[in-house]
Amino acid sequence: RIAALVEVVFLSCLHSCIKMAAPKKGKDDKKEHHEEKQWLGKPEKNKCRIGIVGLPNIGKSSFFNVLSSKQVAAENYPFCTIKPSLTQVAVPDKRWVHLCESFKPKSRVQAILEVWDIAGLVRGAHEGKGLGNEFLANIQAVDAIYHVVRAFRAKDVEHVEGTLDPVRDIQIIANELRQKDIALLQKKYDSLSKLVTRTKDKRVKDEFVIVERLLALLKEGKDIAFCGERFEGKYLDYISSYNLFTAKPVTFLVNVSESNWLKGQNKFIADIQAHVAKVYPGSSVIPFSAAFEKKISEMPAEESEAFLEKNSTKSVINKIITQGYKCLQLIHFFTCGEDEVRCWTVRKGAKAPQAAGTIHSDMEVGFICAEVYAYKDFKKSGGTELSVKSAGKYQQHGKTYVVQDGDVCFFKFNKPQPAKKK
(Lines give C-alpha, C1' and ligand atoms only; values in the text may rest on other atoms or scores of the structure.)
Protein backbone atom coordinates (compact mmCIF):
# COMPACT_ATOMS: atom_id res chain seq x y z
CA ARG A 1 0.00 0.00 0.00
CA ILE A 2 2.91 2.29 0.72
CA ALA A 3 4.14 1.73 -2.80
CA ALA A 4 0.96 3.33 -4.08
CA LEU A 5 2.19 6.63 -2.71
CA VAL A 6 5.20 6.60 -4.99
CA GLU A 7 4.30 8.50 -8.11
CA VAL A 8 6.13 7.34 -11.21
CA VAL A 9 5.90 9.68 -14.18
CA PHE A 10 7.33 8.32 -17.41
CA LEU A 11 6.37 7.81 -21.00
CA SER A 12 2.81 6.69 -21.48
CA CYS A 13 4.11 3.52 -23.05
CA LEU A 14 5.98 2.59 -19.87
CA HIS A 15 2.88 1.17 -18.21
CA SER A 16 3.90 -2.22 -19.57
CA CYS A 17 7.38 -1.89 -18.05
CA ILE A 18 6.62 -0.29 -14.68
CA LYS A 19 3.61 -1.32 -12.59
CA MET A 20 2.60 -0.04 -9.19
CA ALA A 21 2.75 -2.66 -6.49
CA ALA A 22 -0.60 -1.74 -4.96
CA PRO A 23 -3.92 -0.18 -6.02
CA LYS A 24 -4.18 3.57 -6.16
CA LYS A 25 -5.52 5.32 -3.11
CA GLY A 26 -8.86 7.02 -3.36
CA LYS A 27 -9.39 10.75 -3.07
CA ASP A 28 -10.30 10.51 0.62
CA ASP A 29 -7.16 8.51 1.38
CA LYS A 30 -4.96 11.09 -0.37
CA LYS A 31 -6.63 13.93 1.47
CA GLU A 32 -6.13 12.21 4.81
CA HIS A 33 -2.46 11.54 4.10
CA HIS A 34 -1.78 15.14 3.13
CA GLU A 35 -3.53 16.47 6.24
CA GLU A 36 -1.40 14.30 8.49
CA LYS A 37 1.93 15.30 6.94
CA GLN A 38 3.88 17.52 9.31
CA TRP A 39 6.07 20.36 8.11
CA LEU A 40 9.41 19.94 9.87
CA GLY A 41 11.45 22.46 7.90
CA LYS A 42 12.15 26.13 8.36
CA PRO A 43 9.14 28.10 9.60
CA GLU A 44 8.83 30.61 6.72
CA LYS A 45 5.24 30.87 5.53
CA ASN A 46 5.77 30.75 1.79
CA LYS A 47 9.38 30.08 0.83
CA CYS A 48 9.79 27.81 -2.16
CA ARG A 49 13.47 26.89 -2.47
CA ILE A 50 14.48 23.47 -3.70
CA GLY A 51 18.02 22.20 -4.28
CA ILE A 52 19.28 19.73 -6.88
CA VAL A 53 21.34 17.15 -4.99
CA GLY A 54 23.25 14.01 -5.96
CA LEU A 55 26.64 12.51 -6.71
CA PRO A 56 28.90 14.11 -9.35
CA ASN A 57 28.46 13.23 -13.05
CA ILE A 58 24.80 12.27 -12.85
CA GLY A 59 23.25 15.01 -15.00
CA LYS A 60 22.36 17.58 -12.33
CA SER A 61 23.84 20.53 -14.18
CA SER A 62 22.26 19.46 -17.47
CA PHE A 63 18.88 19.32 -15.72
CA PHE A 64 19.52 22.73 -14.11
CA ASN A 65 20.43 24.23 -17.50
CA VAL A 66 17.12 23.02 -18.93
CA LEU A 67 15.30 24.70 -16.05
CA SER A 68 17.36 27.85 -16.55
CA SER A 69 16.09 28.07 -20.12
CA LYS A 70 12.60 28.46 -18.59
CA GLN A 71 13.67 31.16 -16.13
CA VAL A 72 11.13 33.89 -15.48
CA ALA A 73 11.99 37.58 -15.59
CA ALA A 74 13.01 38.92 -12.19
CA GLU A 75 11.25 42.28 -12.31
CA ASN A 76 7.90 40.92 -11.08
CA TYR A 77 9.47 39.31 -8.01
CA PRO A 78 10.77 41.78 -5.40
CA PHE A 79 14.12 41.34 -3.63
CA CYS A 80 15.31 38.81 -6.17
CA THR A 81 18.81 38.72 -7.57
CA ILE A 82 19.45 35.88 -9.99
CA LYS A 83 22.66 34.03 -9.20
CA PRO A 84 24.52 31.62 -11.52
CA SER A 85 23.50 28.67 -9.29
CA LEU A 86 19.88 29.81 -8.96
CA THR A 87 17.00 29.84 -11.38
CA GLN A 88 13.37 30.82 -10.94
CA VAL A 89 10.82 28.83 -12.90
CA ALA A 90 7.10 29.38 -13.26
CA VAL A 91 4.82 26.77 -11.72
CA PRO A 92 2.45 25.62 -14.50
CA ASP A 93 -1.22 26.21 -13.70
CA LYS A 94 -4.07 26.03 -16.21
CA ARG A 95 -6.35 27.83 -13.74
CA TRP A 96 -4.11 30.90 -13.83
CA VAL A 97 -4.11 30.82 -17.64
CA HIS A 98 -7.91 30.71 -17.70
CA LEU A 99 -8.20 33.56 -15.17
CA CYS A 100 -5.87 35.68 -17.30
CA GLU A 101 -8.00 34.96 -20.36
CA SER A 102 -11.13 35.95 -18.44
CA PHE A 103 -9.91 39.15 -16.75
CA LYS A 104 -7.47 40.26 -19.49
CA PRO A 105 -5.24 42.04 -16.95
CA LYS A 106 -2.41 44.46 -17.66
CA SER A 107 -0.04 42.37 -15.50
CA ARG A 108 0.15 38.57 -15.18
CA VAL A 109 2.24 36.97 -12.43
CA GLN A 110 2.59 33.21 -11.89
CA ALA A 111 3.73 31.28 -8.85
CA ILE A 112 7.44 30.51 -8.98
CA LEU A 113 9.82 27.88 -7.69
CA GLU A 114 13.43 28.71 -6.83
CA VAL A 115 15.79 25.93 -7.90
CA TRP A 116 19.38 25.80 -6.69
CA ASP A 117 22.10 23.80 -8.45
CA ILE A 118 24.25 22.26 -5.71
CA ALA A 119 27.60 20.74 -6.65
CA GLY A 120 27.91 16.97 -6.32
CA LEU A 121 28.38 15.33 -2.94
CA VAL A 122 30.79 12.43 -2.51
CA ARG A 123 31.21 9.71 0.07
CA GLY A 124 32.71 11.33 3.17
CA ALA A 125 31.26 14.79 2.46
CA HIS A 126 30.13 15.14 6.10
CA GLU A 127 33.83 14.92 7.05
CA GLY A 128 34.72 17.67 4.57
CA LYS A 129 35.77 15.52 1.61
CA GLY A 130 35.23 17.03 -1.84
CA LEU A 131 34.47 20.48 -0.38
CA GLY A 132 31.66 18.69 1.41
CA ASN A 133 31.10 21.29 4.11
CA GLU A 134 30.48 24.01 1.52
CA PHE A 135 28.07 21.85 -0.46
CA LEU A 136 26.21 20.73 2.66
CA ALA A 137 25.81 24.37 3.71
CA ASN A 138 24.16 25.03 0.33
CA ILE A 139 21.72 22.17 0.93
CA GLN A 140 20.92 23.60 4.34
CA ALA A 141 19.79 26.84 2.67
CA VAL A 142 16.98 25.17 0.71
CA ASP A 143 13.64 23.85 1.92
CA ALA A 144 13.34 20.66 -0.14
CA ILE A 145 15.47 18.40 -2.30
CA TYR A 146 15.41 17.17 -5.89
CA HIS A 147 17.54 14.04 -5.48
CA VAL A 148 18.86 13.24 -8.96
CA VAL A 149 19.84 9.60 -9.45
CA ARG A 150 21.91 8.30 -12.34
CA ALA A 151 20.35 5.39 -14.24
CA PHE A 152 22.27 5.63 -17.53
CA ARG A 153 25.53 4.16 -18.75
CA ALA A 154 28.06 6.32 -20.61
CA LYS A 155 31.67 5.37 -21.30
CA ASP A 156 32.72 9.01 -21.53
CA VAL A 157 31.05 9.99 -18.22
CA GLU A 158 32.84 8.30 -15.35
CA HIS A 159 30.84 7.26 -12.30
CA VAL A 160 32.46 8.50 -9.11
CA GLU A 161 31.89 5.09 -7.46
CA GLY A 162 33.18 3.15 -10.47
CA THR A 163 29.96 1.18 -11.05
CA LEU A 164 26.32 2.00 -11.76
CA ASP A 165 24.07 1.22 -8.79
CA PRO A 166 21.29 3.81 -8.26
CA VAL A 167 20.03 2.46 -4.93
CA ARG A 168 23.55 2.46 -3.51
CA ASP A 169 23.98 6.05 -4.74
CA ILE A 170 20.78 7.11 -2.96
CA GLN A 171 22.07 5.50 0.23
CA ILE A 172 25.42 7.31 -0.03
CA ILE A 173 23.76 10.73 -0.19
CA ALA A 174 21.28 9.80 2.55
CA ASN A 175 24.09 8.70 4.85
CA GLU A 176 26.07 11.91 4.32
CA LEU A 177 23.06 14.04 5.21
CA ARG A 178 22.19 11.83 8.17
CA GLN A 179 25.73 11.95 9.57
CA LYS A 180 25.74 15.74 9.38
CA ASP A 181 22.46 15.86 11.34
CA ILE A 182 23.87 13.45 13.92
CA ALA A 183 26.92 15.68 14.41
CA LEU A 184 24.72 18.76 14.91
CA LEU A 185 22.36 17.09 17.37
CA GLN A 186 25.16 15.37 19.26
CA LYS A 187 26.62 18.78 20.13
CA LYS A 188 23.21 19.96 21.32
CA TYR A 189 22.74 16.76 23.32
CA ASP A 190 26.12 17.09 25.03
CA SER A 191 25.34 20.67 25.99
CA LEU A 192 21.78 20.03 27.16
CA SER A 193 22.68 16.91 29.15
CA LYS A 194 24.80 19.10 31.44
CA LEU A 195 21.99 21.63 31.90
CA VAL A 196 18.96 19.38 32.24
CA THR A 197 19.95 18.02 35.67
CA ARG A 198 20.63 21.48 37.07
CA THR A 199 17.59 23.44 35.87
CA LYS A 200 13.86 23.56 36.39
CA ASP A 201 13.35 25.30 33.02
CA LYS A 202 10.70 23.26 31.20
CA ARG A 203 11.93 24.47 27.83
CA VAL A 204 15.39 22.99 28.44
CA LYS A 205 13.86 19.69 29.53
CA ASP A 206 11.55 19.58 26.48
CA GLU A 207 14.43 20.32 24.12
CA PHE A 208 16.55 17.62 25.71
CA VAL A 209 13.74 15.10 25.21
CA ILE A 210 13.32 15.88 21.51
CA VAL A 211 17.07 16.03 20.79
CA GLU A 212 17.54 12.64 22.43
CA ARG A 213 14.61 11.25 20.43
CA LEU A 214 15.85 12.63 17.11
CA LEU A 215 19.38 11.34 17.72
CA ALA A 216 18.07 7.84 18.42
CA LEU A 217 16.09 7.84 15.16
CA LEU A 218 19.06 9.03 13.11
CA LYS A 219 21.41 6.48 14.66
CA GLU A 220 18.89 3.78 13.71
CA GLY A 221 19.39 4.91 10.09
CA LYS A 222 16.07 6.73 9.77
CA ASP A 223 15.51 10.13 8.17
CA ILE A 224 13.47 12.48 10.34
CA ALA A 225 10.95 13.38 7.61
CA PHE A 226 10.30 9.69 6.88
CA CYS A 227 10.74 8.01 10.29
CA GLY A 228 7.03 7.21 10.62
CA GLU A 229 6.62 9.18 13.84
CA ARG A 230 4.31 12.09 14.47
CA PHE A 231 5.85 14.69 16.73
CA GLU A 232 3.87 16.55 19.38
CA GLY A 233 3.17 20.19 18.66
CA LYS A 234 5.38 21.45 21.48
CA TYR A 235 8.43 19.91 19.79
CA LEU A 236 7.86 21.24 16.25
CA ASP A 237 9.47 24.63 16.86
CA TYR A 238 12.62 22.93 18.12
CA ILE A 239 12.80 20.62 15.09
CA SER A 240 12.23 23.53 12.68
CA SER A 241 14.96 25.59 14.35
CA TYR A 242 17.55 22.84 13.78
CA ASN A 243 16.95 22.96 10.00
CA LEU A 244 17.86 19.30 9.68
CA PHE A 245 18.91 17.87 6.31
CA THR A 246 16.86 14.74 6.91
CA ALA A 247 13.72 16.73 7.76
CA LYS A 248 13.49 18.13 4.21
CA PRO A 249 10.97 16.61 1.77
CA VAL A 250 12.52 14.82 -1.22
CA THR A 251 11.49 14.23 -4.82
CA PHE A 252 13.57 11.62 -6.65
CA LEU A 253 14.47 12.29 -10.30
CA VAL A 254 15.83 9.27 -12.14
CA ASN A 255 18.00 10.35 -15.06
CA VAL A 256 17.88 7.79 -17.88
CA SER A 257 19.56 7.90 -21.29
CA GLU A 258 17.82 9.44 -24.28
CA SER A 259 17.59 6.05 -26.00
CA ASN A 260 16.02 4.49 -22.88
CA TRP A 261 13.54 7.35 -22.72
CA LEU A 262 12.48 6.99 -26.34
CA LYS A 263 12.19 3.21 -25.99
CA GLY A 264 10.36 3.44 -22.68
CA GLN A 265 12.76 1.02 -21.01
CA ASN A 266 15.09 1.18 -18.01
CA LYS A 267 15.97 -1.76 -15.80
CA PHE A 268 16.79 0.28 -12.68
CA ILE A 269 13.40 1.98 -12.21
CA ALA A 270 11.65 -0.85 -10.34
CA ASP A 271 14.44 -1.21 -7.77
CA ILE A 272 14.55 2.54 -7.18
CA GLN A 273 10.78 2.63 -6.82
CA ALA A 274 10.81 -0.20 -4.27
CA HIS A 275 13.60 1.42 -2.24
CA VAL A 276 11.89 4.82 -2.15
CA ALA A 277 8.54 3.26 -1.18
CA LYS A 278 10.22 1.52 1.75
CA VAL A 279 12.57 4.28 2.99
CA TYR A 280 10.88 7.50 1.78
CA PRO A 281 7.12 6.77 1.93
CA GLY A 282 5.10 9.45 0.19
CA SER A 283 7.96 10.70 -1.98
CA SER A 284 7.63 10.82 -5.76
CA VAL A 285 9.90 9.03 -8.22
CA ILE A 286 9.99 10.77 -11.60
CA PRO A 287 12.05 9.23 -14.42
CA PHE A 288 13.33 11.74 -16.98
CA SER A 289 16.17 12.15 -19.45
CA ALA A 290 18.34 15.25 -19.07
CA ALA A 291 19.83 14.64 -22.54
CA PHE A 292 16.36 14.38 -24.10
CA GLU A 293 15.05 17.44 -22.26
CA LYS A 294 18.10 19.44 -23.31
CA LYS A 295 17.61 18.49 -26.95
CA ILE A 296 13.96 19.53 -27.16
CA SER A 297 14.55 22.70 -25.12
CA GLU A 298 16.99 23.88 -27.81
CA MET A 299 14.56 23.21 -30.69
CA PRO A 300 12.18 25.83 -32.08
CA ALA A 301 8.64 25.30 -30.76
CA GLU A 302 7.22 23.83 -33.99
CA GLU A 303 10.18 21.49 -34.43
CA SER A 304 9.99 20.21 -30.86
CA GLU A 305 6.24 19.58 -31.15
CA ALA A 306 6.78 17.58 -34.33
CA PHE A 307 9.63 15.61 -32.70
CA LEU A 308 7.52 14.74 -29.66
CA GLU A 309 4.57 13.67 -31.81
CA LYS A 310 6.78 11.56 -34.07
CA ASN A 311 8.30 9.73 -31.10
CA SER A 312 5.03 9.49 -29.13
CA THR A 313 6.63 11.05 -26.10
CA LYS A 314 6.58 14.26 -24.06
CA SER A 315 8.62 16.44 -21.75
CA VAL A 316 8.16 15.99 -18.00
CA ILE A 317 9.87 19.23 -16.92
CA ASN A 318 6.54 20.87 -16.01
CA LYS A 319 5.62 17.79 -14.00
CA ILE A 320 8.93 17.97 -12.13
CA ILE A 321 8.41 21.66 -11.34
CA THR A 322 4.87 21.07 -10.10
CA GLN A 323 5.92 18.15 -7.93
CA GLY A 324 8.76 20.17 -6.41
CA TYR A 325 6.24 22.86 -5.47
CA LYS A 326 3.86 20.30 -3.98
CA CYS A 327 6.51 18.54 -1.92
CA LEU A 328 7.18 21.88 -0.23
CA GLN A 329 3.54 21.73 0.93
CA LEU A 330 2.84 24.94 -0.96
CA ILE A 331 -0.42 26.07 -2.53
CA HIS A 332 -1.43 29.35 -4.10
CA PHE A 333 -4.46 31.58 -4.16
CA PHE A 334 -5.26 34.20 -6.78
CA THR A 335 -6.02 37.90 -6.77
CA CYS A 336 -7.83 38.94 -9.92
CA GLY A 337 -8.77 42.19 -11.57
CA GLU A 338 -8.25 44.35 -14.65
CA ASP A 339 -4.86 45.53 -13.38
CA GLU A 340 -3.41 42.16 -12.43
CA VAL A 341 -3.98 38.43 -12.08
CA ARG A 342 -1.43 37.04 -9.66
CA CYS A 343 -0.66 33.78 -7.86
CA TRP A 344 0.28 34.16 -4.19
CA THR A 345 2.14 31.30 -2.56
CA VAL A 346 1.33 30.14 0.98
CA ARG A 347 2.06 27.03 3.03
CA LYS A 348 -0.79 24.54 3.05
CA GLY A 349 -2.95 25.17 6.10
CA ALA A 350 -2.42 28.97 6.11
CA LYS A 351 -5.34 30.97 7.46
CA ALA A 352 -6.81 34.03 5.78
CA PRO A 353 -4.82 36.68 7.74
CA GLN A 354 -1.54 34.88 6.96
CA ALA A 355 -2.47 34.72 3.28
CA ALA A 356 -3.28 38.43 3.30
CA GLY A 357 0.13 39.05 4.87
CA THR A 358 1.90 37.61 1.84
CA ILE A 359 0.52 40.56 -0.13
CA HIS A 360 1.38 43.17 2.51
CA SER A 361 2.08 42.93 6.23
CA ASP A 362 -0.47 45.71 6.92
CA MET A 363 -3.19 43.46 5.51
CA GLU A 364 -2.43 40.78 8.09
CA VAL A 365 -2.21 43.23 11.01
CA GLY A 366 -5.44 45.04 10.08
CA PHE A 367 -7.31 42.03 8.67
CA ILE A 368 -11.11 42.34 8.70
CA CYS A 369 -12.33 39.57 6.40
CA ALA A 370 -11.69 37.70 3.15
CA GLU A 371 -14.13 37.59 0.26
CA VAL A 372 -13.49 34.26 -1.45
CA TYR A 373 -14.67 32.07 -4.26
CA ALA A 374 -13.14 28.84 -5.55
CA TYR A 375 -11.71 28.73 -9.05
CA LYS A 376 -13.76 25.59 -9.79
CA ASP A 377 -16.94 27.54 -9.01
CA PHE A 378 -15.75 30.40 -11.21
CA LYS A 379 -15.28 27.99 -14.11
CA LYS A 380 -18.46 26.04 -13.48
CA SER A 381 -20.73 29.09 -13.10
CA GLY A 382 -19.70 30.77 -16.35
CA GLY A 383 -16.35 32.46 -15.84
CA THR A 384 -17.32 35.82 -14.33
CA GLU A 385 -17.48 37.15 -10.77
CA LEU A 386 -21.11 38.11 -11.37
CA SER A 387 -21.98 34.52 -12.28
CA VAL A 388 -20.18 33.28 -9.13
CA LYS A 389 -22.26 35.66 -6.99
CA SER A 390 -25.46 34.62 -8.77
CA ALA A 391 -24.66 31.00 -7.99
CA GLY A 392 -24.22 31.86 -4.30
CA LYS A 393 -20.56 30.84 -4.31
CA TYR A 394 -19.07 34.24 -3.41
CA GLN A 395 -18.48 33.98 0.33
CA GLN A 396 -17.10 36.03 3.19
CA HIS A 397 -14.76 34.47 5.76
CA GLY A 398 -13.10 35.53 8.99
CA LYS A 399 -9.74 34.98 10.65
CA THR A 400 -10.12 31.22 11.10
CA TYR A 401 -10.71 30.42 7.43
CA VAL A 402 -8.08 28.10 5.98
CA VAL A 403 -7.20 29.22 2.46
CA GLN A 404 -7.62 26.50 -0.15
CA ASP A 405 -5.53 25.90 -3.25
CA GLY A 406 -7.16 27.77 -6.12
CA ASP A 407 -9.14 30.26 -4.03
CA VAL A 408 -9.69 33.69 -5.54
CA CYS A 409 -9.44 36.18 -2.67
CA PHE A 410 -10.19 39.83 -1.96
CA PHE A 411 -9.07 41.00 1.49
CA LYS A 412 -10.60 43.81 3.52
CA PHE A 413 -8.44 45.40 6.20
CA ASN A 414 -7.92 48.47 8.30
CA LYS A 415 -4.67 50.27 7.66
CA PRO A 416 -2.68 50.23 10.92
CA GLN A 417 -2.29 53.66 12.47
CA PRO A 418 1.22 54.92 13.16
CA ALA A 419 2.19 54.98 16.84
CA LYS A 420 1.58 58.34 18.48
CA LYS A 421 4.60 60.26 19.60
CA LYS A 422 4.85 60.67 23.35
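Structure: above.
I will try to describe carefully the structure that is included in this document.

Rules used in this analysis
Residues numbered from 1 in each chain as written. Predicted model: local features only at pLDDT ≥ 70, side-chain atom pairs only at ≥ 80, totals over all residues. Heavy atoms only, no water. Phe/Tyr/Trp six-rings, centres within 6.5 Å; stacked < 30°, edge-to-face > 60°. Helix = DSSP H or I, 4+ residues; strand = E, 2+ residues; numbered from the N terminus. Buried < 20%, exposed > 50% of the residue type's maximum accessible area, 1.4 Å probe, protein only. Lys NZ or Arg CZ within 6 Å of the ring centre and 35° of its normal. Salt bridge = Lys/Arg side-chain N within 4 Å of Asp/Glu carboxyl O. Pairing = 2+ DSSP bridges. Core = buried A, V, L, I, M, F, W, Y, C linked by side-chain atoms within 4.5 Å. Contact = heavy atoms within 4.5 Å. Axes fitted to C-alpha atoms, helices over the stretch in contact; angles between N-to-C directions. 1 Å grid on protein atoms, 1.4 Å probe; cavity = no way out; pocket = protein on both sides within 12 Å on 5 of 7 lines; lining within 4 Å. Points joined across faces, edges and corners; volume = space filled by probe spheres on them. Nonpolar A, V, L, I, M, F, W, Y, C, P; charged D, E, K, R; others polar. Parallel < 35°, antiparallel > 145°, perpendicular 65-115°, else oblique.

Describing the packing of aromatic side chains
Alright, step 1. Within this structure, the stated rule accounts for 13 aromatic pairs.
Alright, step 2. On the numbers, 5.2 Å between centres and 75 degrees between planes, the contact of Phe226 with Tyr280 is edge-to-face. Linking Phe226 in the loop between α6 (202–219) and α7 (233–242) with Tyr280 in the loop between α9 (269–279) and β7 (285–288), this pair joins segments that are 54 residues apart in sequence.
Alright, step 3. When the centroid spacing of 6.0 Å and the interplanar angle of 20 degrees are considered together, the rings of Tyr373 and Phe378 count as stacked. Accessibility classification places Tyr373 together with Phe378 in one group, the buried group.
Alright, step 4. An aromatic cluster is defined as three or more aromatic residues linked by ring pairs; in this entry it consists of Phe103, Tyr373, Tyr375, Phe378 and Tyr394.
Alright, step 5. Above the face of the Phe152 ring, Arg150 is positioned so that its terminal group lies 4.4 Å from the ring centre.
Alright, step 6. Against the face of Trp344 rests Arg342, its NZ or CZ located 4.7 Å from the ring centre.

Re the pattern of salt bridges
Alright, step 1. On inspection of all chains with the given rule, the structure shows 15 salt bridges.
Alright, step 2. Of the charged contacts, one joins Lys234 and Asp206 as a salt bridge, the two residues approaching to 3.9 Å between their closest N and O atoms. In this pair, Lys234 is assigned in helix α7 and Asp206 in helix α6, connecting sequence segments 28 residues apart.
Alright, step 3. Assessed through its relative accessible area of 41%, Lys234 is described here as partly exposed.
Alright, step 4. Put simply, Asp93, Arg95 and Asp405 are held in one network by salt bridges that share partners.

Some details on unusual backbone geometry
Alright, step 1. Even without a glycine there, the phi angle at Lys104 is positive, about 45 degrees.
Alright, step 2. With respect to the secondary-structure elements, Lys104 resides in the loop between α3 (94–103) and β3 (107–109).
Alright, step 3. Lys104 sits in the exposed class, given a relative accessible area of 62%.
Alright, step 4. If you check the backbone angles, Ser312 has positive phi at about 50 degrees while not being a glycine.
Alright, step 5. For Ser312, the location among the structural elements is in the loop between α11 (301–310) and α12 (317–327).

Some words on the pairing of strand β1 (residues 49–53)
Each regular strand carries side chains that alternate between the two faces of the sheet.
Alright, step 1. Most of β1 is tucked away: 5 of the 5 residues are buried.
Alright, step 2. Note that β1 and strand β5 (residues 144–150) share 4 bridges and pair parallel. Opposite Gly51, over in β5, you have Ile145 as the bridge partner.

Quick notes on the nonpolar core
Alright, step 1. Within the largest apolar cluster, 75 residues are counted, with the highest numbers of intra-cluster contacts made by Phe63, Leu99, Leu113, Tyr146 and Ile320.
Alright, step 2. Once residues lying within four places of it in the same chain are set aside, the contact partners of Leu99 are Lys104, Phe334, Cys336, Val341, Tyr375, Phe378 and Val408.
Alright, step 3. Ranked by size, the runner-up nonpolar core spans 22 residues in total, among them Val204, Val211, Tyr238 and Leu244.

Points about the sheet that holds β1
Alright, step 1. Sheet architecture is open: 6 strands sit in the order β2-β4-β1-β5-β6-β7, paired in mixed fashion. One side of each edge strand has no neighbouring strand; the edge strands of this open sheet are β2 (86–90) and β7. Sheet twist, expressed as the average angle between the axes of neighbouring strands with direction ignored, equals 25 degrees.
Alright, step 2. With respect to the sheet, helix α2 (residues 60–68) is in contact with β1, β2, β4 (112–117), β5, β6 (250–255) and β7, its orientation differing from that of β4 by roughly 150 degrees.

Topic: empty space enclosed by the protein
Alright, step 1. If you walk through the whole model with that rule in mind, you get 3 cavities of 30 Å³ or more.
Alright, step 2. Here the largest cavity is characterised by a volume of approximately 120 Å³.
Alright, step 3. Forming the boundary of the largest cavity are 14 residues, of which Ile145, Leu177, Asp223, Val250 and Tyr280 lie nearest the centre.
Alright, step 4. At the level of elements, β5, α5 (166–195) and β6 are the ones that each hand at least two residues to the lining of the largest cavity.
Alright, step 5. Per-class residue counts for the lining of the largest cavity are 10 nonpolar, 2 polar and 2 charged.

Topic: the side chain of Glu258
Alright, step 1. Residue position: Glu258 is located in helix α8 (residues 258–263).
Alright, step 2. What Glu258 contacts, discounting residues up to four positions off in sequence, is Ser289, Ala291, Phe292, Lys295 and Phe307.

Comments concerning the packing of helix α10 (residues 290–297) against α11
Alright, step 1. Relative orientation of the contacting elements α10 and α11 amounts to 140 degrees, with a least axis distance of 9 Å. On the basis of the axis angle, α10 is oblique to α11. Of the residues in α11, those touching α10 at Phe292, Lys295 and Ile296 are Ser304, Phe307 and Leu308.
Alright, step 2. Class assignment of the residues belonging to the contact of α10 with α11 gives a composition of 4 nonpolar, 1 polar and 1 charged.

Points about α9
Alright, step 1. Taken residue by residue, α9 has Ile269, Ile272, Gln273, His275, Val276 and Ala277 as its buried positions.
Alright, step 2. Tucked into the core, α9 has its buried residues touching β5, α5, β6 and β7.

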